[in-house]
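Single-letter residue listing:
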Amino acid sequence: MFLKSSLVVLSLGASLPLVIQARPNCPLLGPDFPAARNLSSSPSVKDAIANLTQALDQTIKSSNSSYGPFETLNTSFALEIFSTSESQPLFTKYYTAPSVASHKAGTKSVDTNTVFRIGSLTKLLTAYTWLIHDTDIKFTSPITKFLPELAAAAKKYNATEHPIDHVSWEDITIGELFSHTAGLGRDYEGVGAIGSPFFSRPNANTAGLPPLKANQTGTCIGATFCTRALFFEGFTKRHPVYTPGHAAIYSNVAYLILAYALEDITGKPFTELVQTGLYTPLNLKSSSWRQPPGGSNTTGIIPDPMYFSIDAGDETAAGGSWSSPKDITTIGRSILTSSLLRPSLTRRWMKPISLVSDASTAVGAPWEIKRITLPKTGRIVDLYAKTGDFAGYSSILILVPDWNVGITLVAAGTKTTFNLAVLGSMVADLFLPAVEDAAREEANENLTGTFSSTSKNLNSTLTITTTPSLPGLTLSTYISNSTNLLVPLTSTTSVISSPSIRLYPTGLKQVKADGCTVLSFRAVDEDLSSPTVTGAFGVECSTWMMVDGLYWGTVGTDEFLVTVDREGRAVSVEPRALRVVLDRV
């Protein structure tokens, strides 16, 4: 009989025993197959590319889509989909709006090297630069430890006595600034202020606004007009939105403060930190921080020369840099492969930190995380995205760690935000499910089969298969020393009449001297025929609580190792609790 981890008992309330069950299958969070290595040759991906191409062509032709209107006369875009296992993009689409022909400067044809303003996607670069130079070791430290201006403001304004009018700076951590949970306002001057270059000042008498006294206006109007001293002098007088750690509220100012803090920690200007940490190591030729890249008068997409070239000053850290589709894709690849960070740091970084009122969205540092449900299996996949907008420009970088796949989207023109929302949704619906299908195809080709003991005195064997509508690998037969471990199991708490045993990759792996790779899997066993407990505290999907629930001699009965050769084909399987290696038959 199979040692059933689904018999783990959860005690609720007055010790009420409940068997943790799931119906349908409840996969573990994360990939259910190893990431596909040859996506470009996958039949599913080829079909998805054909469908996506047709949908894009129809959307451009009609200026409309099933997601909403799509502006094509004045809005150009670039789309790149990439995999870390292949050097060339899986798919590209570059669209140049007809109005570009009348632009006074810049390119007349959008391609992978075209320079765009990327807006708040810059926040991701700010966070990445911090992690490269200082890791996340200070994320729980108060910001006042690193910025004397805020330490002084904490003493001067005493938020303990005046918590509504003044920010409690001594309670705000570095990590809360990264994740928009510091409770700060969105901006200071320049972007949100009525009367700034973005919002013309109305006549106070006709607009219903009281006249402002001299001491009620900002100390500067933003961008290069705000020095560090003027910024801190003015912003520390602004009211808080929330108490620190209460909830996520988007803040541009938080990233300006982070840039100042890293400058003080390292003793170097942030422009140098970005250059040495990101631009130079990744050979980013079309990216720059305070001024447009050299030659961008011919390579940039420039609907308005003023907005293309304007220097955002120190506020660049929040959303003012330049980049190209190629460079953004390169940045995405480097994050997914941890080429500039330790893999453990990347994994910590790519996690949610706070929730928002949209059940399908979470917030990271500074990730905007979208959760999608795959149509065939119902498995949840997390998309780690960062969006950006800057005066006629929009950008999105989407990374999917489950599949080592990313999506780069940039646009310039009049309806950039809406157009990228349409494009991102289109890719999520028409392309991403095919990446899961491709992973299943490769798993079916390389990992399935029957594996048996080579010893004549030991009758041990198992069979691994895949099922199109189910997540993960199926353990369809499992015999140990002539004993069938998949027979129905009866206990004092439950009868397991139809066990479903599925194997999921853990991400742990080891490359051996012979070039083979050992992949770690964990088995999840569920009784799909039994009634379940539903409701807010139901147990229909609690498999994460069952992993490593039973062990034989300190080794989990759900631990399996699969050794694959250089081509990724399984040569052996080791059910570790049985202390035996089973070779492919």
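Conventions used here
Residues numbered from 1 in each chain as written. Predicted model: local features only at pLDDT ≥ 70, side-chain atom pairs only at ≥ 80, totals over all residues. Heavy atoms only, no water. Helix = DSSP H or I, 4+ residues; strand = E, 2+ residues; numbered from the N terminus. Rg over C-alpha atoms; globule rule 2.2 N^0.38 Å. Buried < 20%, exposed > 50% of the residue type's maximum accessible area, 1.4 Å probe, protein only. Contact = heavy atoms within 4.5 Å. Areas by Shrake-Rupley, 256 points an atom, 1.4 Å probe, with all protein chains shown as cover. Lys, Arg positive; Asp, Glu negative; His and termini not counted. Charge placed at Lys NZ, Arg CZ, Asp CG, Glu CD. Salt bridge = Lys/Arg side-chain N within 4 Å of Asp/Glu carboxyl O. Polar contact = N/O pair within 3.5 Å; in protein donor to acceptor, adjacent residues only side chain to side chain. Phe/Tyr/Trp six-rings, centres within 6.5 Å; stacked < 30°, edge-to-face > 60°. Disulfide = S-S within 2.5 Å. Axes fitted to C-alpha atoms, helices over the stretch in contact; angles between N-to-C directions. Parallel < 35°, antiparallel > 145°, perpendicular 65-115°, else oblique. Left-handed = near helix turned anticlockwise from the far one by under 90°. Nonpolar A, V, L, I, M, F, W, Y, C, P; charged D, E, K, R; others polar. Pairing = 2+ DSSP bridges.

Asks: When you look at the overall build of the protein chain in this model, what are you seeing that I'm missing?
Replies: Scanning the protein chain from terminus to terminus reveals 15 helices and 27 strands. Since a compact globule built from 585 residues should have a radius of gyration of about 25 Å, the 27 Å found for the protein chain is in line with a globular shape. With the C-alpha coordinates aligned to their principal axes, the bounding extent of the protein chain is approximately 90 × 60 × 45 Å. For the protein chain, buried positions account for 52% of its 585 residues. Within the protein chain, residue pairs in contact and separated by at least 24 positions form 67% of the contacts whose partners lie at least 6 positions apart. Within the structure as shown, the protein chain displays about 26,300 Å² of accessible surface, and the carbon and sulfur contribution to it stands at 56%. With 46 positive and 49 negative side-chain charges, the protein chain shows a separation of 2 Å between the mean positions of the two kinds.

Asks: What's the story with the side chain of Glu526 in this structure? I'm lost.
Replies: Mapped onto the elements of the fold, Glu526 is located in strand β22 (residues 517-527). Arg502 is the oppositely charged side chain nearest to the buried, salt-bridge-free Glu526, at an N-O distance of 6.5 Å. A polar side-chain atom of Glu526 sits 3.1 Å from a polar atom in the side chain of Asn25.

Asks: Hey, could you run me through the packing of aromatic side chains in this one?
Replies: Each aromatic ring pair is specified by the distance between its two centres and by the angle formed by the two planes. Applying the stated criterion across every chain, the model contains 18 aromatic pairs. Plain terms: the ring middles of Phe231 and Phe235 are 5.5 Å apart, the flat faces sit at 10° to each other, and that makes the pair stacked. Placement of the pair is Phe231 and Phe235 together in helix α6 (residues 228-235), with a separation of four residues, close to one helical turn. By relative accessible area, which is 3% here, Phe231 ends up buried. Relative to Tyr260, the ring of Phe231 lies with its centre 6.2 Å away and its plane at 45°, an arrangement referred to as tilted. Taken together, the residues span a long stretch of sequence, with Phe231 in helix α6 and Tyr260 in helix α7 (residues 253-266) at a distance of 29 residues. Given the relative accessible area of 3%, Tyr260 is considered buried. Put simply, the rings of Trp169, Tyr188, Phe231, Phe232, Phe235 and Tyr260 touch in pairs and so form one group of aromatic residues.

Asks: Where do I start with the environment of Ile407 in this structure?
Replies: By the secondary structure assignment, Ile407 is in strand β14 (residues 405-412). Linking Ile407 and Ser500, residues 93 residues apart in sequence, is a C-alpha distance of 35 Å. Those residues in contact with Ile407 that lie beyond four places of it in its chain are Leu79, Glu80, Ile81, Phe82, Ile396, Leu397, Ile398, Val427 and Leu432.

Asks: Is there a simple way to think about the state of the cysteines in this case?
Replies: Put plainly, two cysteines are in a disulfide when a covalent bond ties their sulfur atoms together. Overall, the coordinates contain one disulfide when judged by the stated rule. Covalently, Cys26 is tied to Cys541 through a disulfide, its sulfur atoms 1.9 Å apart. Residues Cys26 and Cys541 are joined through a disulfide that is right-handed, its torsion about the S-S bond being 80°. You can see Cys26 sitting in the loop between β2 (16-19) and α1 (43-62) and its partner Cys541 sitting in the loop between β22 and β23 (551-552), a full 515 residues away along the chain. According to the relative accessible area criterion, Cys26 is buried, its value standing at 2%.

Asks: Looking at this structure, how should I read the pattern of salt bridges?
Replies: Side chains carrying opposite charge are able to pair once their charged atoms draw close together. As enumerated under the stated definition, the model contains 20 salt bridges in all. In this structure, Asp32 engages Arg379 in a salt bridge whose closest nitrogen and oxygen atoms are separated by 3.4 Å. Within this pair, whereas Asp32 is found in the loop between β2 and α1, its partner Arg379 is found in the loop between β11 (368-373) and β12 (380-389), the two being separated by 347 residues in sequence. The two residues Asp32 and Arg379 agree in class, both being buried. Beyond isolated ion pairs, a larger network of salt bridges with shared partners links Arg522, Asp548, Asp558, Glu559, Glu574 and Arg576.

Asks: How do you make sense of the packing of helix α2 (residues 121-134) against α7 when you look at a structure like this?
Replies: Angle between the axes and distance between the axes are the two parameters that describe a pair of packed helices. With their axes 11 Å apart at the nearest point, α2 and α7 run at an angle of 25° to one another. On the basis of the axis angle, α2 is roughly parallel to α7. Considering how the two elements wind past one another, α2 and α7 form a crossing that is left-handed. Between α2, through Lys123, Thr126, Ala127, Thr129, Trp130 and Asp134, and α7, the contact on the second element is made entirely by Tyr255, Leu258, Ala261, Leu262 and Ile265. When the residues that make up the contact of α2 with α7 are grouped by side-chain class, the tally is seven nonpolar, two polar and two charged.

Asks: Would you mind showing me how to read the sheet that holds β11 here?
Replies: The strands making up a sheet are joined through hydrogen bonds of the backbone, oriented either antiparallel or parallel. Strands sit in the order β6-β5-β14-β13-β12-β11-β10-β9 across an open sheet of eight strands; the sheet is antiparallel. Strands with a single pairing partner mark the edges of an open sheet, and in this sheet they are β6 (91-95) and β9 (354-355). Sitting on the sheet, α2 is in contact with β12 and β13 (393-400), with an inclination near 105° to β12. Helix α12 (residues 325-337) contacts β5 (76-83), β13 and β14 of the sheet and is inclined by roughly 30° relative to β5.

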